Every structure is written in structure tokens, then in C-alpha cells.
Amino acid sequence: MAEDIVWRNERTPASARFGDVYFSAEDGAAESRHVFLDGVGAPDLWRGRALTTIGETGFGTGLNFLLTWRLWRETAPASARLHYVSVEGYPLSAEALARALAAFPELAEETRALVAAWPILHPGHHPLALDGGRVTLHLLLGPVEDMLAGASAKVDAWYLDGFAPSRNPEMWTPAVFHHMARLSAPGARVATFTAAGQVRRDLTAAGFSLEKRPGFGHKRESLVGRLCSDAVPPADPAPWFRRAAPAPDGPVAVVGGGIAGASMANALSRAGRDAVVLEAGPALAREGSGNPSALMKPRLTPDAQPYGRFHAMAWLHALRLYETLPPDVWREGRGVLVAARDEAEATAQAQLAETLPWPEEALRLVDDAEARALAGASAPCGGLWYGLAGCLHPAVLCPALAEGADVRTGAAAGGIERTDAGTWLVRDPDGAPLLEAAAVVLCAGAALPDLWPEAQWPLGKSRGQISFLPAVADGPRAALSFGGYLTPPYPGDDGRMVHALGATYDRWRHRTEDFRPLRDADHTRNRDLLRQHLPELAARIDTSPVGGRAGLRCTIQDHMPLAGPVHDRPHFLDAFDALHHGRKAPPFPEAPLHEGLFVLGALGSRGFQTAPLAAARVTAEIAGAPLPMDRGVADSLNPARFDVRTLRRPPQARHRQK
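Residues numbered from 1 in each chain as written. Predicted model: local features only at pLDDT ≥ 70, side-chain atom pairs only at ≥ 80, totals over all residues. Heavy atoms only, no water.

**Q** I'm lost on the overall build of the chain in this one. Help?
**A** Counting its regular elements, the chain contains 19 helices and 32 strands. A globule of 658 residues ought to have a C-alpha radius of gyration of about 26 Å, and the chain, at 26 Å, matches this closely. Projected onto the principal axes, the alpha-carbon positions of the chain cover approximately 80 × 60 × 50 Å. The buried share of the chain, reckoned over its 658 residues, is 57%. A separation threshold of at least 6 residues defines the contact pool for the chain, and within that pool the share at least 24 residues apart is 73%. Put simply, the chain shows about 26900 Å² of open surface, and 51% of that area lies on carbon and sulfur atoms. For the chain, the centre of its 68 positive side-chain charges and the centre of its 74 negative side-chain charges are spaced 3 Å apart. (Helix = DSSP H or I, 4+ residues; strand = E, 2+ residues; numbered from the N terminus. Rg over C-alpha atoms; globule rule 2.2 N^0.38 Å. Buried < 20%, exposed > 50% of the residue type's maximum accessible area, 1.4 Å probe, protein only. Contact = heavy atoms within 4.5 Å. Areas by Shrake-Rupley, 256 points an atom, 1.4 Å probe, with all protein chains shown as cover. Lys, Arg positive; Asp, Glu negative; His and termini not counted. Charge placed at Lys NZ, Arg CZ, Asp CG, Glu CD.)

Right, here's the structure in full:
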């Protein structure tokens, strides 16, 4: 992800790698307007549209994006939404971006917002919410062919703005144009500065009709075109994971008011949809999300499998979102020390830090002395310091996320059904109507199996107990993770300063027994874990617990959330019964879905890290917007994934849940 930039005449940015400038030294803004905005017919492109999606190959300095955003703000209605999907293989730093864009003072406001939202440059998808959520920049960092291959969108217009084909041929291949055609809406427009013959021929072969128009400055010609009306989109290689149809206008019922429901309310509001949160309890974040202090740190892996990609992107997305909320959503004492428990873990941490060259404030290795200085606790084997992590205040965070939504407490859902009119009706436990909605998102945590038993998702429940320890003068100043976790001090319900120590994680199979009563044995287990891994700190705060809390988490077999449309399971199993034949299988139909019904759940113990991105994925389905992650990750969250895994086995080896 390292940038490779040089400056010509101290003000014109150029790529040392490709020997080409990012924008014209004559008048970069005028060139971009002529070639790209005029080339795709903006602002007529988005007139009358509630949602417009523009795709770009080569984000560069972001000049095209800023000019498009500015024109869109001036001409689009307040209710409209703009999605801008841009691929960049060699992203600039925030500092270089600001320096390059300083050449355009008329874009100063947009530049400041872009630089402020600029992400940690980790490979993958970064959905950046701008303009109060009215604009989403989907920044795809990586090789253009790989990024487009994993994208899911319906693009209304394309800007082809990579460096010149002769200097950067990877941006101008038939495979890239094939993916463009696959991602295009009918009649999608295209504009590019080049009129090279091979580019014309390959775009034509991909299904675009093209014409030449005058270029800018010394360039005689440029190209514009449209996707031909008779262009046949390639077949979906995984129709069992197809996207849902966008939900019609109307309220969206969000069943559950924990971190999943609050994140859904936030994502829907940003997308311009009306969310109604139905929470059974007296307030948000009272059940599984109800701990008084929630550890917020990433779950990172050195590999590039869907699990690792999801958790890295989810952490970065949640962090960006939470930083836009009032500061009191965070408890005091930012930073989390993940103490290595032995030399093997210390070696793994060193490999992770080398694999992820993030800024030091986000991730760095520390030795014992640095651990003491930063967190106030000894870590003999060293550890990882996540300076942007910390502890959240769920009782403040969830209402802040749901700000602007219609939150109805004391509204327990007992059943959900589709009406003859195609809407969804949520009923209370006695069968009385609660709400009629255009769509429903099930965010009810451990109650999910009761709300939609047909799905038969392999869900479980885990009871977790935390212990409250009296704060001591020389206790830790930052949160610690060591297999368990210990928070910095915060005021308890009685005003006394306490640490939260946790947490047990036990499978809960009881339906009638109350999980809430505290167990002395679980307090002992929490204390023993602290003594085992951080004995020096345990000796300093060797006091008896002054209370605690127990909650139920909703878990799932593969430890990935459920996030997406709910499939019609009986018809789904019939439609894909031959899936085990592999390539020899007959053509499959589109997956039968319960259109308008979605789920976000099974977040386990990491909901505060994963819920915002998972909610954005569900919201993209509801709104018909680009997915905020690659298809591989989205498919790994799809609620139908367990049935697909079963159907891939030969019939004699299948074990279908009844």
C-alpha cells in the first residue's frame, strides 16, 4: 500500500512508478470536468434518481470524486444518495492527498472532509460516509482486477482514469472491462481521457458502444459511450447467494435494540430510510449488549481469508463511525494492551505487526517497559498496543447510534408474517399488531430462533459473567486483554470506581433457568485467569468482587455473523438440491428469498466491533446500494451459507436439520 509520489514544480503530483501525472498541470479541474463529468452527462445523469452509483478505475488524488461531489451537492435533491466506487492500487497518504488538492481552493470544504475521513491504508473495501451519509465513497484498495471481481454494485456511469495505457496496462485489460460490464446498470455510461485503439476495441468487446469526442488541452480526442442495450450480463456464478430486491419505500422494522439493532438504525438513517426499532426492554442495550463497559479492539489475522478480511474491515469501519459520535460513547483511557501470554504468542504478534504496517497510533509492538508506561501493567512477554482502541459505554453508544430513528421500548415482538399486500407485519407475543413495515431486520440476539424458526440456523447461546473489582490507586490506566480482559476504572452504578474483569464463556442450553444470578465460581474463574497471565497486576488489585453482571450472547458454528437476506428454506433446498454435482449441475434458478426479510445477529462476543459493518451490508441490500465489502466476505455472512454447505455434499452424506 506504499505510495510512490514525486512533485513536479513543487505542486503537480506525479507517480514515480508510472512516470505520469495525477492531473493536468494546465488546469486539472477543467480537464476532469470536460472528460469525466461532461463525458457521462452530469448532472443530467442523476436527475430524478434517488440513488446514483459512479464507478472509477484510479482514485488518484480524488479530484474526480470531489468535483462530482460538489456538482451533485449543487444539483441533487437532499433526499438523494450518491455512491462512488473507486479502485486504487497505490493510495496516497492523507498528507499527500491534502498537499495535492491544495491546488484547488474552490474544493477546500470537500477536501477537508475527505482528508478527515481518509482510512488506514489496509487492502480491501473502505466505505467512507460523507455529507451526513448522503455520499458514500467506496474506496477499494488493491489491484483493479481483483477489486472489481469482488465488487457488487449497479454502476450508472464509469470514469476510466488510470495512468496512460502505455504506462499502466493493468488498468486497461479485457478482464477489467468485463467486470465493468458485469457491474453496470442497463445503459451505463463510460468516459475516459484516452482514445487508444486497443482500449476502444476491448471496451466494444465487453459490450459498450463508443464514440470519440474532443479531448482536453493538447489531447485531441477522448472517449464516451454506453453499455449496449443488448449486452448480456454474465451469469452469476453463485445464484444461491443472490442479492435481495431493494425494499420498497416505507418504514423498516428493526426487531431488537442492542448493538445490532442500534447499528441497523444508524445505517438505515444514513441511507435515507426510516427505521423503527422495536425493543422489548425499557431501554436500548439492556440485554446481550448491556455490559457497563465494552472492550473495543480488533480481531486481526495475518492471512487474507474472508474471516480475517471481515474483521479487519469491520474494526476500521466501526472505529470511523464511533469517532463521529459524541465523545462520551467512549469510556476514559483510550488504548488497549493485548499482552502476549507466552513466547509463542509474542512471536505471532510480531508476525502480525510486520504483516500489517499500520500507523503506530493504531498498532505497534511494545516491550514490558512500554507496556508499563502505556497501560500501567507489566507484560513480561511484551504485547500489541492498539492506541485507537478502548472501552465503550454501551448505554450511551446505542442511543447515539439510534439517534433519529423511531425507538419504541417495551415493544416485544412475538411473530412476523408477510401480508397479502407484500408488506411485513410484526405482532406482539399475544398476536396483536405492533407495526406494518416495508421490510424487517431481525436483530434479536439469542431470541432469533423463536422469531423465525424455519431458518434452522445453527445458533447457540453463551452465558458470560463479568466481575466488578474496586479500583485501586495503582491499577491499570488502559484496558488489558490476556485471554480475559480488564477495563480501566469507571464509575459503577453506586458512583464507586470499579474495573470490569471478564469474562466467562459457557454454552447455555437451559430454556427455563434464569442465567442472570451471579456465581461465585465464575468470579473465581475470572480472578484465576488474571492471576495466571498477569500475576503482578493481580497482586496489586487482590480484592474481592463488589458485584458483576451475567448476559447471554448469541453464537454460531463458524463464528461469523448472520447478515443478509433470509432465504425461503424449503424452496431453497429444492432449488439447489443438485448443487453437489459441481460443474456438472444443471443451470440453477435465482435463490428463493423472503423478500423484505433480513437478519443481523449471531455476533458472539465481538458485536461492538462487527455490528456496524454487518449493518451496512444489510442496509445495502435494502437500499439497492453497492455492498460495503467484497463478495467473498459478503457470502461468508450470508444466512444461507449453512444450507449451501450441506447441499454441496452428496445426498447420502447430508444431515438436514428437521
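**Q** In this structure, what is going on with the packing of helix α2 (residues 63-75) against helix α4 (residues 108-117)? I would like to understand it.
**A** Think of two packed helices as two axes; the pair is described by the angle between the axes and how far apart they sit. Relative orientation of the contacting elements α2 and α4 amounts to 120 degrees, with a least axis distance of 10 Å. Taken together, α2 and α4 sit at an angle that is classed as oblique. Crossing handedness for the pair α2 and α4: right-handed. Seen from α2, the contacting residues are F65, L66, W69, R70 and R73; seen from α4, they are E109, E110, T111, A113 and L114. (Axes fitted to C-alpha atoms, helices over the stretch in contact; angles between N-to-C directions. Parallel < 35°, antiparallel > 145°, perpendicular 65-115°, else oblique. Left-handed = near helix turned anticlockwise from the far one by under 90°.)

**Q** Mind showing me how you'd approach the nonpolar core here?
**A** Grouped together as the largest cluster of nonpolar side chains are 93 residues, with contacts concentrated most on M264, Y322 and L600. No other element matches the 10 residues that helix α9 (residues 306-323) contributes to this core. Dropping the residues within four chain positions of it, L600 is found in contact with A260, M264, V441, L442, C443, L562, A563, A611, A614 and A615. If you look at the next biggest cluster of nonpolar residues, it comprises 73 residues, including F23, W46, V144 and A181. (Core = buried A, V, L, I, M, F, W, Y, C linked by side-chain atoms within 4.5 Å.)

**Q** Is there a simple way to think about the state of the cysteines in this case?
**A** Should the sulfur atoms of two cysteines be covalently bonded, the bond is a disulfide. Taken as a whole, this structure holds 0 disulfides when the rule is applied. Note on C398: no disulfide assigned, nearest cysteine sulfur contributed by C443 at a separation of 11 Å. Judged by relative accessible area, C398 falls into the buried class, the value being 0%. (Disulfide = S-S within 2.5 Å.)

**Q** Just to check I follow, could you spell out the sheet that holds strand β20 (residues 415-418) for this structure?
**A** Two pairing modes exist for strands in a sheet, parallel and antiparallel, and in both the strands are linked by backbone hydrogen bonds. Taken together, the 3 strands give an open sheet; going across it, the order is β20-β21-β22, and neighbouring strands pair in antiparallel fashion. Lying at the two open borders of the sheet, with one neighbouring strand each, are β20 and β22 (433-437). Neighbour-to-neighbour, the strand axes of the sheet open up by a mean angle of 20 degrees, direction not taken into account. Two strands pair when backbone bridges link them, and β20 and strand β21 (residues 424-427) are joined in this way by 4 bridges, in the antiparallel orientation. Residue pairing in the sheet places G415 in a bridge with R427 of β21. (Pairing = 2+ DSSP bridges.)

**Q** How should the packing of helix α8 (residues 259-270) against helix α17 (residues 607-623) be read in this particular structure?
**A** Contact geometry of α8 with α17 gives a least axis separation of 8 Å together with a crossing angle of 45 degrees. Comparing their axes, α17 and α8 come out oblique. Helix-helix and strand crossings are classified by hand; for α8 and α17 the assignment is right-handed. For the pair α8 and α17, contact is made by I259, A260, S263, M264, A267 and L268 and by G607, F608, A611, P612, A615, A616, V618, T619 and I622, respectively. Residue composition of the contact of α8 with α17, grouped by class: 12 nonpolar, 3 polar and no charged. (Nonpolar A, V, L, I, M, F, W, Y, C, P; charged D, E, K, R; others polar.)

**Q** Sorry if this is basic, but what is going on with the packing of aromatic side chains here?
**A** Note on aromatic pairs: each is described by the distance of the centres and the angle between the planes. The final tally for this structure, using the stated rule, is 13 aromatic pairs. Look at W424 and W452: their rings are 6.1 Å apart centre to centre, the planes differ by 65 degrees, and that puts the pair in the edge-to-face class. Separated by 28 residues along the polypeptide, W424 in strand β21 and W452 in the loop between α13 (448-451) and β24 (459-470) bring together distant segments of the chain. On the basis of relative accessibility, which here comes to 2%, the residue W424 falls in the buried class. Judged by relative accessible area, which is 11%, W452 ranks as buried. (Phe/Tyr/Trp six-rings, centres within 6.5 Å; stacked < 30°, edge-to-face > 60°.)

**Q** Would you explain the pairing of strand β28 (residues 497-502) in this entry?
**A** Within β28, 5 of the 6 residues are buried, leaving the element largely enclosed by the surrounding structure. Sheet topology places β24 next to β28; 4 bridges connect them, and they run antiparallel. When the bridges of β28 are listed, F468 appears paired with A500. Note that strand β26 (residues 485-486) and β28 share 2 bridges and pair antiparallel. Counted as the bridge partner of L486 is L501 from β28. Strand direction decides the pairing type here: strand β27 (residues 490-491) and β28, joined by 2 bridges, are antiparallel. Counterpart to Y490 in the pairing with β28 is V498. Between β27 and the antiparallel strand that follows it, β28, lie 5 residues; G495 among them carries a positive phi value of about 90 degrees.

**Q** How should the environment of A634 be read in this particular structure?
**A** Structurally, the position occupied by A634 is in helix α18 (residues 631-637). For A634, a relative accessible area of 0% translates into the label buried. When the C-alpha positions of A634 and R270 are compared, they lie 20 Å apart, and in sequence the two are 364 residues distant. Discounting residues that sit within four places of it in the chain, A634 has contacts with R617, L627 and M629.

**Q** So what exactly am I meant to see when it comes to the sheet that holds strand β2 (residues 12-15) here?
**A** The 3 strands lie next to each other as β1-β2-β3, forming an open sheet whose pairing is antiparallel. The outermost strands of the open sheet, each flanked by one partner alone, are β1 (5-8) and β3 (20-21). Of the pairings in the sheet, the one linking β1 to β2 comprises 4 bridges and is antiparallel in character. Along β2, the bridge assignment pairs I5 with S15.

**Q** Teacher, can you tell me more about unusual backbone geometry here?
**A** Phi is mostly negative for residues that are not glycine, and the peptide bonds are mostly trans. Between A42 and P43 the backbone carries a cis peptide bond, its omega angle lying at 5 degrees. Looking at the secondary structure, you find P43 in the loop between α1 (28-37) and β4 (51-57). With omega at -10 degrees, the peptide bond leading from G502 into A503 counts as cis. Although it is not a glycine, D131 sits at a positive phi angle of roughly 55 degrees. Locating D131 in the fold gives a position in the loop between β6 (124-130) and β7 (135-141). For D131, a relative accessible area of 24% puts it in the partly exposed group.

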